[in-house]
Amino acid sequence: MFAYLAARKRRSVIQRLDRISLEPAATGAPPAAPCTLEGDSGARVAELLVREAAASGFAVEMAERHITVESRYDTEAGMFERAGLTFAVRSIDGLATAAIERGAPNVLIPAATVFQGYVTPLHSPSELRDRGDALGKRLRILVGARSFKLRWTLHSLKTVYRLRDRLGPETRVEFDEYTVTVAEEERPRTVVRLTLPEGVAPGSRLGAVLDQVQAACGLRTAERAPESDGLATLLGLPSPAPEFGAADLGSDPPVAALAYAVLGRHFQEMLRREPGTRLGDDVEELHRMRVAIRKLRATIKLFGACLPARVTELRRGFRWIARALAPVRDLDVQILQLRAWEAELPYRDRLGLRPVIELMLRRRERARLRMLPLLDSERFDNIIAHASAALRAGPPANLRPAQFRAAAIVPALIDKLQRKVLRDGGRLAPSAPPERCHALRLRAKALRYALDGSDYLFGEPARRYARQLARLQEALGQHRDAIIAVARLRALAASKRPKLSNATAFTVGVFTERYTQKASALLRRIPREVRKLEGKRWRRLAKTMRALAAPAPPPALAPPLVPTDPAAAAAPAAQDQPPIVPAVAAVSPAQSESPQRV
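Residues numbered from 1 in each chain as written. Predicted model: local features only at pLDDT ≥ 70, side-chain atom pairs only at ≥ 80, totals over all residues. Heavy atoms only, no water.

Undergrad: Please explain the overall build of the protein chain as it appears in this structure.
TA: Helix and strand counts for the protein chain come out as 21 helices and 9 strands. Buried positions account for 44% of the 598 residues belonging to the protein chain. Counting only contacts in the protein chain whose residues sit at least 6 apart along the sequence, the fraction spanning at least 24 positions is 71%. (Helix = DSSP H or I, 4+ residues; strand = E, 2+ residues; numbered from the N terminus. Buried < 20%, exposed > 50% of the residue type's maximum accessible area, 1.4 Å probe, protein only. Contact = heavy atoms within 4.5 Å.)

The structure is reproduced here in structure tokens:
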């Protein structure tokens, strides 16, 4: 019995020694780094892997298997795409969810989830929008009655195989097959990935199996991880439309190129803030959308002489959008101020202020209900479509003022705006009516937005002066908000509906007086801020603008060469050849212009 066991042990040891001698790299070399192979051979990769591994003595077992189907939708006008959002209906092993996510339309894994809800895979996006749950409500707010369009559908099959060897550790091999169907195309595209997280030792039996699969299926080493957008690029998903204002302007751009770049940047910001404005969860989204619209209108007015009519006509449409947002923003400012004062009051006094805040919240909700149909209207869609087409078309080549140097044109425009701000601010008296303060506020905003667009040319001096101007603009804005708040609180106190309690009426009177005192204090502060606009920061900016606006000096003439040969010196200067005169580049009319005062 003992002899039999000893002989069996010897045979086992000999088999191990023979195996080690045949595969020295399996024990002597360290494991290789994790690798991923990719190709477009479909399920043939998995079949060949299982067959070759089983023929080499591995026990192959399927450990996991997951099926994911994801469909991306958008509106006909590309509402989600232009806002940097995606709308996807995703089914993982039969459990379906619909999600509104932030990320580029051609990226498989979005950056963040805005909202997600459980659905059934059979529901269409239009049916999801008509549901009465939170998901349907958000879709109605975002999309309105617009129709949906399928962009692409991605089928993902993930299979994890467990390869076991009697003499080696267990190896997990992940096989992923992606099949995408683009809406405009009939033929689907397929990409497969074979991933070994633990790595494979060179020269091992499993390494030989992978070499055979790679050679037979034409696989190549993946350059990027599956989680990145490299897979979307490999699948050939349709790339999104290029962003506005992303062109390279160069060192000395024409004035029209600068204007289009600034307009594109502000227009892109407006579209990016539109979904948050519709949802209303963050009041800053609507505020930033309004600021972007103001910058658009100010830029069109500033560069109006250098822009075609199709662009200048957009200013009226942007004004209509800004007016649609204004009532909600005014109530947001007032609610924020009331809540800040509520936090400073004792508990008993808060009871009188709470009904006022609740009334303002109800008015804000009614204002939002009036705003959303305007954003869903055909006029809004036409404005966005016309602006997109005009900005993507770029400046026309036959518009002569558009070819002038921006550095020679913009300083005179900024100087003109600064003169108007100083003139209106110098006339502002402590008893000035609110209309005059509002007019000065519009002047200051126009100058600041012009500086925001010209910081590409003038750099840090323009940004510093814009920060100085922002203090004046902030004071004027707070004065305007205080005047509006006083008018609304007085109307609230005089109204019979709703009937205010004595405590609430007293609180309304207290805060009306607070707003009045705040407006008076700001009116005394504004002239001091105006006088600062002529200080050191303006002089530094004016010096920078003057240096860039001046035409480049012509190259200096080289001194004549003195011949060293006396015979050559005695020879006549003009014998058979004319004198050499260096050519000087002609200066364009725009380059010869300089601002009247900077």
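Continuing now.
Undergrad: Can you help me understand the pairing of strand E8 (residues 189-196) in this one?
TA: Two faces make up the sheet, and in a regular strand the side chains alternate between them. The buried fraction of E8 amounts to 6 of the 8 residues, a majority that puts the element mostly inside the structure. Sheet topology places strand E7 (residues 171-182) next to E8; 7 bridges connect them, and they run antiparallel. Note that in E8 the partner of Tyr 178 across the bridge is Val 191. Connecting E7 to the next strand, E8, in antiparallel fashion are 6 residues. (Pairing = 2+ DSSP bridges.)

Undergrad: For this particular structure, what's the right way to read helix H6 (residues 134-143)?
TA: Three or four residues apart is the spacing at which side chains of an α-helix point the same way, because the helix has 3.6 residues per turn. Every buried residue of H6 is accounted for by Leu 135, Gly 136, Leu 139, Ile 141, Leu 142 and Val 143. Downstream of H6 by a residue or two, Gly 144 has a phi angle that is positive, lying close to 70°.

Undergrad: Help me understand the pairing of strand E6 (residues 148-164), please; the structure alone is not making it clear to me.
TA: Judged by how many residues are buried, E6 sits mostly within the fold: 12 of 17 residues are covered. By the bridge criterion, 16 bridges tie strand E2 (residues 59-75) to E6 in an arrangement that is antiparallel. The residue of E6 that forms the bridge with Thr 75 is Phe 148. As paired strands, E6 and E7 are joined by 12 bridges and run antiparallel to one another. The residue of E7 that forms the bridge with Tyr 161 is Val 173.

Undergrad: Teacher, can you tell me more about the packing of aromatic side chains here?
TA: What characterises a pair of aromatic rings is the spacing of the ring centres plus the angle enclosed by the ring planes. Counted by the stated rule, this structure contains 5 aromatic pairs. Ring centres of Tyr 73 and Phe 87 lie 6.2 Å apart, and the angle between their planes is 45°; this geometry places the pair in the tilted category. Here Tyr 73, found in strand E2, pairs with Phe 87, found in strand E3 (residues 85-92); they are 14 residues apart in sequence, far enough to count as distant. Owing to a relative accessible area of 17%, Tyr 73 belongs among the buried residues under this scheme. Among the residues examined, Phe 87 registers a relative accessible area of 0% and is labelled buried. Between Phe 267 and Phe 318, the aromatic rings sit 6.3 Å apart at their centres with planes inclined by 50°, giving tilted as the arrangement. Placement of Phe 267 in helix H9 (residues 255-279) and of Phe 318 in helix H12 (residues 314-344) is noted, with a sequence separation of 51 residues between them. One exposure class covers both Phe 267 and Phe 318, and it is buried. An aromatic cluster is built from Tyr 73, Phe 80, Phe 87 and Phe 148, whose rings are joined through pairwise contacts. (Phe/Tyr/Trp six-rings, centres within 6.5 Å; stacked < 30°, edge-to-face > 60°.)

Undergrad: Explain the pattern of salt bridges here, please?
TA: Where charged atoms from two side chains of opposite charge approach closely, those side chains can pair. Applying the stated criterion across every chain, the model contains 29 salt bridges. The partner of Glu 285 in a salt bridge is Arg 273, with the nearest N and O atoms 3.0 Å apart. On the criterion of sequence distance, the pair formed by Glu 285 in helix H10 (residues 283-302) and Arg 273 in helix H9 is long-range, its members being 12 residues apart. Judged by its relative accessible area of 14%, Glu 285 falls in the buried class. On the basis of relative accessibility, which here comes to 17%, the residue Arg 273 falls in the buried class. (Salt bridge = Lys/Arg side-chain N within 4 Å of Asp/Glu carboxyl O.)

Undergrad: I keep staring at a positive patch on the surface and nothing clicks. Help me out?
TA: A grouping of Arg 471, Lys 536, Arg 537, Arg 539 and Arg 540 is seen on the molecular surface, where their side chains present a positively charged patch. The biggest single contributor to the positive patch is helix H19 (residues 536-549), with 4 residues. The class for Arg 471 is partly exposed, based on a relative accessible area of 36%. (Patch = residues over 30% accessible without salt bridge, like charges linked within 9 Å, V, L, I, M, F, W, Y side chains within 5 Å. Areas by Shrake-Rupley, 256 points an atom, 1.4 Å probe, with all protein chains shown as cover. Lys, Arg positive; Asp, Glu negative; His and termini not counted. Charge placed at Lys NZ, Arg CZ, Asp CG, Glu CD.)

Undergrad: I tried to follow unusual backbone geometry on my own but got confused; where do I start?
TA: The phi angle of most residues is negative, glycine excepted, and most peptide bonds adopt the trans form. The backbone phi angle of Asp 93 is positive, close to 55°, even though this residue is not glycine. Note on placement: Asp 93 falls in the loop between E3 and strand E4 (95-102). Take Asp 93: its relative accessible area is 45%, and that puts it in the partly exposed class.

Undergrad: Which parts of the structure should I look at to understand the side chain of Thr 68?
TA: Considering the arrangement of structural elements, one finds Thr 68 in strand E2. For Thr 68, a relative accessible area of 19% puts it in the buried group. Among all residues touching Thr 68, those that are not within four sequence positions of it are Arg 90, Ser 91, Ile 92, Leu 154, His 155 and Ser 156.

Undergrad: Help me understand the nonpolar core, please; the structure alone is not making it clear to me.
TA: One recurring pattern in soluble globular proteins is that nonpolar side chains are buried together. By size, the foremost hydrophobic cluster in this structure holds 114 residues, and its most contacted members are Phe 87, Phe 267, Met 270 and Phe 318. It is helix H17 (residues 460-494) that provides the largest number of residues to this core, a total of 12 residues. Residue contacts for Phe 87: discarding those within four places in its chain leaves Ser 71, Arg 72, Tyr 73, Phe 80, Ala 98, Ala 99, Ile 100, Pro 125, Leu 128, Leu 139 and Phe 148. The next biggest cluster of nonpolar side chains, apart from the first, holds 20 residues, and it includes Ala 46, Phe 58, Leu 163 and Leu 196. (Core = buried A, V, L, I, M, F, W, Y, C linked by side-chain atoms within 4.5 Å.)

Undergrad: Where do I start with the environment of Trp 538 in this structure?
TA: Looking at the element boundaries, Trp 538 is found in helix H19. Classification of Trp 538 as buried rests on a relative accessible area of 5%. Sequence separation between Trp 538 and Ala 462 is 76 residues; the distance between their C-alpha atoms is 8.7 Å.

Undergrad: How should I be thinking about helix H7 (residues 205-217) in this particular structure?
TA: Between its terminal C-alpha atoms H7 stretches 19 Å, which fits the 18 Å expected from 13 residues at 1.5 Å a residue. All buried positions along H7 are accounted for by Arg 205, Leu 206, Gly 207, Val 209, Leu 210, Val 213 and Cys 217. (Expected span 1.5 Å × (residues − 1).)

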